[in-house]
Structure formats: structure tokens, C-alpha cells
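The residues making up each chain are set out below.
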Amino acid sequence: MKKLMTGDEAAARGAYEAGISYAAAYPGTPSTEILENIALYTEDIIAEWAPNEKVALEAAIGASIAGARALASMKHVGVNVAADPLFTFGYTGVNGGMVLISTDDPGMHSSQNEQDNRYYAKFAKVAMLEPSNSQESKDMVKAAMEISEGFDTMVLMRMTTRVCHSKTLVELGEKSEAVKKPYVKNLQKFDAVPAVCRKLHVALEQKLIDLEKFSNETELNYTEWNSKDIGIVTAGIAYQYAKEVYGEKASYLKLGFTYPLPVDKIRSFASQVKYLYVIEELEPYMEEQIKAAGIPCIGKDVVPRTGELNPDILAKALLGVEREVIRYDDSVVVPRPPVLCAGCPHRGFFYELSKRKDIMITGDIGCYGLGGMDPLYAKDTCICMGASISMGHGAQQVFNRFNEKMRAVAVIGDSTFFHTGMNSLLNTVYNRSNSITCILDNRITGMTGHQENPGTGFTLQGLPAKIVEIEPLVRALGIDLVKTVNPLRLDELKAAFDWAMEQTEPTVIITRWPCVLKKHSEHDMKEFGDYKSLCEVDTDVCIGCRLCTKPGCPALAFDNESKKASIDKIQCIGCQVCAQVCPKKAIRKAGN
Amino acid sequence: MADVKNILLVGVGGQGTILASQILSTGLVSAGYDVKMSEVHGMAQRGGSVTTQVRFGKQVHAPIIGKGQADVLVSFEIMETLRWLEFLKPDGKVVINNHKIPSVPILSGKREYPRGVIETISRKVDATVIDAGRIAEELGNPKTMNVILLGALVKAMGLTELEWRAAIKECVKPKFVEINLEAFKAGLSV
Ligand SMILES: Cc1ncc(C[n+]2csc(CCOP(=O)(O)OP(=O)(O)O)c2C)c(N)n1
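About the thresholds
Residues numbered from 1 in each chain as written. Chains lettered and ligands numbered in written order. Predicted model: local features only at pLDDT ≥ 70, side-chain atom pairs only at ≥ 80, totals over all residues. Heavy atoms only, no water. Pairing = 2+ DSSP bridges. Helix = DSSP H or I, 4+ residues; strand = E, 2+ residues; numbered from the N terminus. Axes fitted to C-alpha atoms, helices over the stretch in contact; angles between N-to-C directions. Contact = heavy atoms within 4.5 Å. Buried area = accessible area lost by both parts, 1.4 Å probe. Salt bridge = Lys/Arg side-chain N within 4 Å of Asp/Glu carboxyl O. pLDDT = per-residue confidence, 0-100. Near = heavy atom within 4 Å. Polar contact = N/O pair within 3.5 Å; in protein donor to acceptor, adjacent residues only side chain to side chain. Areas by Shrake-Rupley, 256 points an atom, 1.4 Å probe, with all protein chains shown as cover. Buried < 20%, exposed > 50% of the residue type's maximum accessible area, 1.4 Å probe, protein only. Right-handed = clockwise from strand over helix to strand, strands pointing away. Parallel < 35°, antiparallel > 145°, perpendicular 65-115°, else oblique. Left-handed = near helix turned anticlockwise from the far one by under 90°. Nonpolar A, V, L, I, M, F, W, Y, C, P; charged D, E, K, R; others polar. Domains from an automatic or database assignment.

Our next topic: the sheet that holds strand β13 (residues 275-279) of chain A. Residue and element names in this part refer to chain A. Spatial ordering of the open sheet is given by β9-β11-β10-β13, a layout of four strands whose pairing is mixed. Bordering the open sheet on either side are β9 (221-224) and β13, each of which pairs with just one other strand. Taken over all neighbouring pairs, the strand axes of this sheet differ in orientation by 15 degrees on average, direction set aside. With five bridges connecting them, strand β10 (residues 230-235) and β13 associate as parallel partners. Looking at the pairing, T234 lines up with I279 of β13.

Shown next as C-alpha cells:
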């Protein structure tokens, strides 16, 4: 039976069918649902959220060396975090089969860059597969196991947002028994010291020659012959777009195994067509290698190298065809930017912070990134996960040295703190800057859709786990000045900022309140109670000053005609941040 | 790929566009079509604009469409129709839910909700306007707005013969099946 599945669901199914026994990941769009779906095979696969991608990859490497088939998955930028083990594991090779799934995000639907991770395969010298739909996402995880064990290499499976998140039909297969090889101590293979690695590197070069031979022979790289005027070399989702544009008017060399590239196969294909096109999303990864092999081709001189491709972009770039569209005036359409939810515990924090002068707010990645948007504007920078604290430290050191009165305020979420913020805070302590670190603990990994983390008290499968408390953790790292506050109380926030600004030592402010969308655990119930209620505006008291719109709550509207504020009953949860902002006390809890 | 049909569903995070497209895809798959459905996750939960695309036919390649390519645009919110109208074929159809969700710049009084959107659109294309919100309230569950719109879409596409009852049963929780079947019927009859 065929089933509609996303690429992520299909890759998870592939892990199950391939007899994988261990999988680890850190969430990140568009990869998150791979591990979430693997976790449904509770009997068959050990599946774990790691605190970051490096840890996830290393845990999977441990599982592979112990003899099990293993998988790690992460978004493209996660591979940067995991790059250190990736490169040396490229040298050692595997015991049990091992696949690393990297999900790239062309077009940056929800990412800070659109790096092309195919270069990682070439750089780390590991084999690479690129699925173009859900069926291939499933089948290639299985193929990855064969290749990994057959050639003693880790396999990088590179997916992209459209493959991860599109549903296409999949023919399900049978589960093969979990394959567990014996563990044998082997220092000449797994002890990456210089003397060993010099030999491993030589062996690796030979492995790549063998893999290239495989690449030329495997059916993962196949030809579809049609008209021979145009021949197209393509891979991943770009293959689907090329088919959409050219249909049977061109021949295709569809590559599923893209490192090492099948150079002989490409050369032979090229010799049989009049014009050779290379159609790929983002960088000219294939084109560069094809040109270096002396095969003339047309690629990025016409196909854009920035942003996500689609059939229209290709049709325009390659054929000069533009589709007819309805013309109309869209200037009246008002943007609909994502916003902090009504009742989000981050809102009050940013509202108070936005009032401060002479601060540089080093932000981080998570829902709290939205604190930088209109009308709060409480953010100066965002680079990558964990960077807020380290950047805040560096900036503060410079401000202090040059006697500027600026203060650096780092803002980071709980999951991001566990991810890489902890090391950064250790640096602040060790090198003694008085930067201010604010950890917004909303008791969950919010942005990526509510994954558990070391602070929430649950595992990926929802089983009880130890709750790692942030305040004692911060103290153990060497911070003496810590305050934990309720971010729904603006006076508490103000007092904490006043206090922190005065200090010459590093300070940490922890805001502790659950994400408004979080399903409360028993522990949450005990700690936070059933706090949800409703606020309303007394229109007789409202003077139309608009101050209540400053925190930017989507449940609160201001009517320009009546000059009054009003609150949407469906969205409001009664956090009362707006009530504290109102100078006339016109906003109250309903019923009071 | 002339035999491939394209449907674009647009709305605001939380309106249930995804469930509607799931039921739609399920029905199309059981009728034997090749189906591809694409949605972009990410910021949807934070009140952003959301879209889902469903393509079906004998064989579908790309999971996404470009401008000027949708046969039907189903819009769960009035202003969103205008945001995505460019994606409609010039002879395509629009199903509009007569429902406004002002975005934050409008709520805070900085911008105005556009006026006369439905009139503008009706002058350019074949548009069906539905009070799905009101119908849903009459049915006793405001959340069924999405399935009412699905019914209207199925009618506009001439796909009424497919096994929608089974598709709804497959996609919604048992206790909501009856109400959604009613909602679907209500959508078919507007
Ligand atoms: C290296 C890396 N891994 C993963 C992500 C994806 N990601 C963005 S924000 C986020 C989690 C944020 O959670 P938290 O810090 O708890 O903040 P919240 O969203 O709950 O406010 C993740 C996993 C990323 N951008 N970079």
C-alpha cells in the first residue's frame, strides 16, 4: 500500500526498515520530525534528544563503534556544531552502519543562512546521498546502511526543506532485523592519534577511489533518455523542478549518490547530448567538479545560486518563459509577520528591556528572537546558537576598556543555554566581564515546536527524566550573582535590571514561566498553578493613549475611530502585562 | 503536465489549513491520483501567514507551484487572498472565507485593514464567498470552518464523487467525525 508521507516521516520509516538501533538529534527545522517519528518505534530504536548536534553525532558514533546501526539528524547549521567529530570519523570509518542526515534550508524558510552542506561530504571525505522525494528518503536511509558498512564510511544524507516537508507517496517495506556487529577493540582504527591517522588518511584516499567506482556503477545514479538535444545532470529536489519544466524534451542523468560524483558516467552522458545543463539548488557543487573534469556545461551562469528554486524560476532562467499572472494592486496588503503569542512570557521581559538606554542586546536563536521586531525592537545582534553570551562578554570587555558606559545584555533561551550557552557563560566567569546574561526559561524548546530538553523533566518519549535546574547550574559554573524572576511581573523585571546594571561582576537573570502553548506537566501545575484567565478593557476609563500597544500583544487591538483599546477573548490568557502598562488601570482581569 | 491540477490553501497560523489539505490529499490518494502536498512549517504557530499546496494528477513532479499556476485558491482569510492572488491562473477560481484576522500592524493602529478586497477580486476572477465562520457557529463548533471551506473547494473542483467520508474519518479524531461530516456537507451546498 502506498502512503502519503513527508520526507522526514519517510526517513524515519527508513531507519526502522534498515534495522537502525540508535538515533540521536537536536531539533532544528526542517529536520525535527525525523527523530520525532523515529521515536514512535519505541520497541525497535533507542531515540534521544541530545543537548546539541555535536553531542548527538558523537553519541551516534559511539553506538556505531559499539556495533549498532546508527543515525544522527540535524539542520544544516547543526552540522557546523558537529563538524569536529564529523571530520575525524571520516578517517576512522564505522563499525555498525552510520548515517548523518543534514537538512538544508534553501530560501531560509526558518534559518539564519542557506549554506550548502553538500560541501561537507567532499570536505570530510564521506559518501553522500541526496533524495528528491519521500520514497527516496526512505530507501536511501537503507542504502546508506549498505554503503556505510560496505565501504567502511559514514554516509551524509543531504535533504532540503521541500523534500523534508512535502508529502509524497511511499511504498512501505519490511523491517529487517536489527543488525548488531560484535564490538572489537581496535586502536589502529578508532584511536585517532597522529600515528594512526596518517595511515587512516592514506587508506581513506583509496576508499574514495572505490566509492567513485561505485558511484559510476550504482543505480542510485541513473539516466532517463528522451530528446538528446538537451542533457540535464541534476540531483535532489532540483530534479523534480527540471522534470516539471522540460518533461520529455530533455534527457536526465539523475544523481542520488553525489559524493564522490560519477565522473565517468557524467562524461559518457555528456558525450551523447548536444548541450549539457547542470541544474542544482544553491551552490555549483556538481558544476565545479564537472568543469574541473574538463566537461563543458551550463549551470550557474543561468540558474540562480541564491534562494530556493522552483519550476518558474527555472523556466524563466533556462527558457525565458514567464507565466501569465493576474495583475492587481497589492500595496494595500498589510504584512503579517510572526509575533510572540498572546500571553508569551517573553513579552514582558522585552517590553521592560526595551526601555533601557545605553545597552547592546546580544540576542540568540529561538522564539525570543521575535523580541527584536516591531514594536519591541529589543535586540541588537543574532549570529548563531549560544553566541549571545560569548558576544556579550566580548563586547562588554571592549566597552569597559574604552570607558564607555555601555552595558552588554545577552538574551538566551533555556534550550539554547543547554545547547552551547553554558560554555559561553563559563568564559564570562573565567575572564571576568560584568556582562549581564538573561536566560529566558520557558520550560520547553519553544521555537521548533515544543521538544523536551534537559530542563523539562521528560525524555523524547515523554518518560520522566531528571530536571536540570538552571539556577544551581549557573552557580556551579561560577556565577555568584543570580536572580530568578517572574517575567509576567514588570516590577520584578525592572528591579532585576536595576540591580544587574549596578554590578561589576557578571550577573545572570533567569526568567521562569512556561511557554503559553506548553502542555503543563504535573510539576508545572504545582509550580505555576492554573493561571490562565482573561483581561478586559474598561472603555469608560481608557483614554486612548495607546501605551498598551507597546508590548505588541496580538490579542490587543486599538481602534483608531473610537480611540479605545479592546482585547480578544479567544486569544487573551490573562497574563496582565498590558494591565501593568496601562497608566489609568483601565485593563483588569475579567470579573474583578 | 496539463493533467496536473493545483490547489493553493492560504490562511493564518491556527486556522486549520493543514488539516483541510490532509483530508483533501487523503481523498485524492484513495481515488488513485499521484499527489504531492507541500507546506512550510516554522513560524506558523506564531500567527504568520501560512500556505499549503496540493498538486494531483497522473504523475506529479514538483511539490510546489509558482505564480499563475493554481487552479483554485482557497483563502481562509480575506486579506490573505490578495497576498496570494498572483499564484492563481488568470482563469482560476477563488473560494474566500468572509473572515478578517487583522495582523499586528493593523491591531496596533499603524495600518488599516484593506477595504473592498472581495469586490476587487470578484471583478477579476470567478470568486465564491462563504461565511464559513457563521456556518460553523450554527453547526456548534467554530473550529469546523476549515472543513466547510474544504467542502466548497471540492464543489468548485467538481470532485464531489470521491470518498470524502472515508477521508474525513481517517484524518480527524473519532469524536469529531460527525461534526466534520456535517461541516463538509454544509460547504458542499453553498
Ligand atoms: C545549531 C542550531 N541548531 C538548531 C537550531 C534550530 N533552533 C532554532 S531556535 C531553537 C530552540 C530554541 O529554544 P529555546 O532556547 O528554549 O527558546 P524558545 O524558542 O523556547 O524561546 C532551535 C532548536 C539552530 N538555529 N541552530
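On we go.
As summarised here, the arrangement of the eight strands in space is β1(A)-β8(A)-β2(B)-β3(B)-β1(B)-β4(B)-β5(B)-β6(B), forming an open sheet in which the pairing is mixed. Of all the strands in the sheet, the pair left with one neighbour each is β1 (2-6) of chain A together with β6 (126-130) of chain B. Between one strand axis and the next, the sheet turns by 20 degrees as a mean value, whatever way the strands run. Helix α7 (residues 134-151) of chain A contacts β1 and β8 (166-171) of chain A of the sheet and is inclined by roughly 60 degrees relative to β8(A). Helix-sheet contacts for helix α6 (residues 145-157) of chain B involve β1 (5-12), β3 (49-57), β4 (70-75), β5 (88-97) and β6 of chain B, and the interaxial angle to β5(B) is about 145 degrees.

Attention now moves to the interface of chain A and chain B. Frequently, the measure chosen for interface size is the accessible area removed from exposure when the parts meet. At the junction of the two partners, chain A supplies 50 residues and chain B supplies 56 residues. Taking both sides of the interface into account, the surface hidden between chain A and chain B amounts to around 4800 Å²; carbon and sulfur atoms contribute 60%. In terms of surface lost to chain B, no three residues of chain A exceed A:I326, A:Y328 and A:R336, which account for 18% of the buried area on that side. Summed over the shared surface of chain A and chain B, the result is four salt bridges. The shortest N-O distance in the salt bridge between A:R336 and B:E80 comes to 2.5 Å. Counting only elements with at least two residues in the side of chain A that touches chain B, the list comes to α8 (161-165), β8, α11 (237-246), α14 (311-319) and β20 (556-559) of chain A. Element by element, the count of residues in the side of chain A that touches chain B is highest for α11(A), at five residues.

Right, let's talk about unusual backbone geometry for a bit. Residue and element names in this part refer to chain A. Looking along the chain, the bond that leaves T29 and enters P30 is cis, with omega of 5 degrees. Counting through the fold element by element, P30 comes out in the loop between β2 (22-25) and α2 (32-38). A positive phi angle is found at H450, which is not glycine, with a value near 70 degrees. Checked against the element boundaries, H450 lands in the loop between β16 (436-441) and α18 (470-476).

Attention shifts here to the confidence of the model for chain A. Where the model shows low pLDDT, its predicted coordinates should not be examined in detail. The share of residues in chain A with pLDDT of 70 or more is 100%, and the mean pLDDT across the chain is 97. Across chain A, strand β6 (residues 127-129) of chain A holds the top mean pLDDT of 99, while α14(A) sits lowest at 93.

Residue and element names in this part refer to chain A. Taken together, the neighbourhood of the ligand is formed by 26 residues, with E53, H346, D414, T416 and G446 sitting nearest. In the model, an oxygen atom of the ligand is placed 3.1 Å from a nitrogen or oxygen of the I444 main chain. Taking G446, its main chain carries an N or O atom lying 2.7 Å from an oxygen atom of the ligand. Expressed as a share of its isolated accessible area of 590 Å², the protein-covered part of the ligand is 97%. Counting only elements with at least two residues in the shell around the ligand, the list comes to α4 (76-81) and α17 (414-431). Residue contributions to the shell around the ligand peak at four residues, all from α17.

Residue and element names in this part refer to chain A. Alternating residues of strand β3 (residues 46-49) divide into A47 and W49, all buried, and I46 and E48, none buried. Pairing of β2 with β3, which is carried by four bridges, proceeds in the parallel orientation. Its bridge partner lying in β3, A23 is registered against A47. The parallel pair β2 and β3, bridged by α2, forms a crossover whose chirality is right-handed.

Turning next to the packing of α6(B) against helix α8 (residues 177-188) of chain B. Residue and element names in this part refer to chain B. The contact between α6 and α8 brings their axes to 6 Å, and the two run at 45 degrees. On the basis of the axis angle, α6 is oblique to α8. Taken as a pair, α6 and α8 cross one another with a handedness that is right-handed. Here V147, I148, L150, G151, A152, V154 and K155 of α6 come into contact with α8, specifically with N180, A183, F184, G187 and L188. Here the contact of α6 with α8 is composed, by residue class, of eight nonpolar, three polar and one charged.

To continue, consider the domain arrangement of chain A. All names here are of chain A. Structurally, chain A comprises domain 1 (2-217), domain 2 (221-319), domain 3 (345-528) and domain 4 (535-589). Between the C-alpha centres of domain 3 and domain 4 there is a distance of 28 Å. The interface is formed by 10 residues belonging to domain 3 together with 11 residues belonging to domain 4. A buried area of about 870 Å², summed over both sides, lies between domain 3 and domain 4, and 68% of it is on carbon and sulfur atoms. Applying the counting criterion to the domain 3 and domain 4 interface returns four residue pairs in polar contact (both at pLDDT 80 or more). For the side of domain 3 that touches domain 4, the elements supplying multiple residues, two or more each, are α15 (346-354) and α19 (490-502). Residue composition of the side of domain 3 that touches domain 4, by class: six nonpolar, one polar and three charged.

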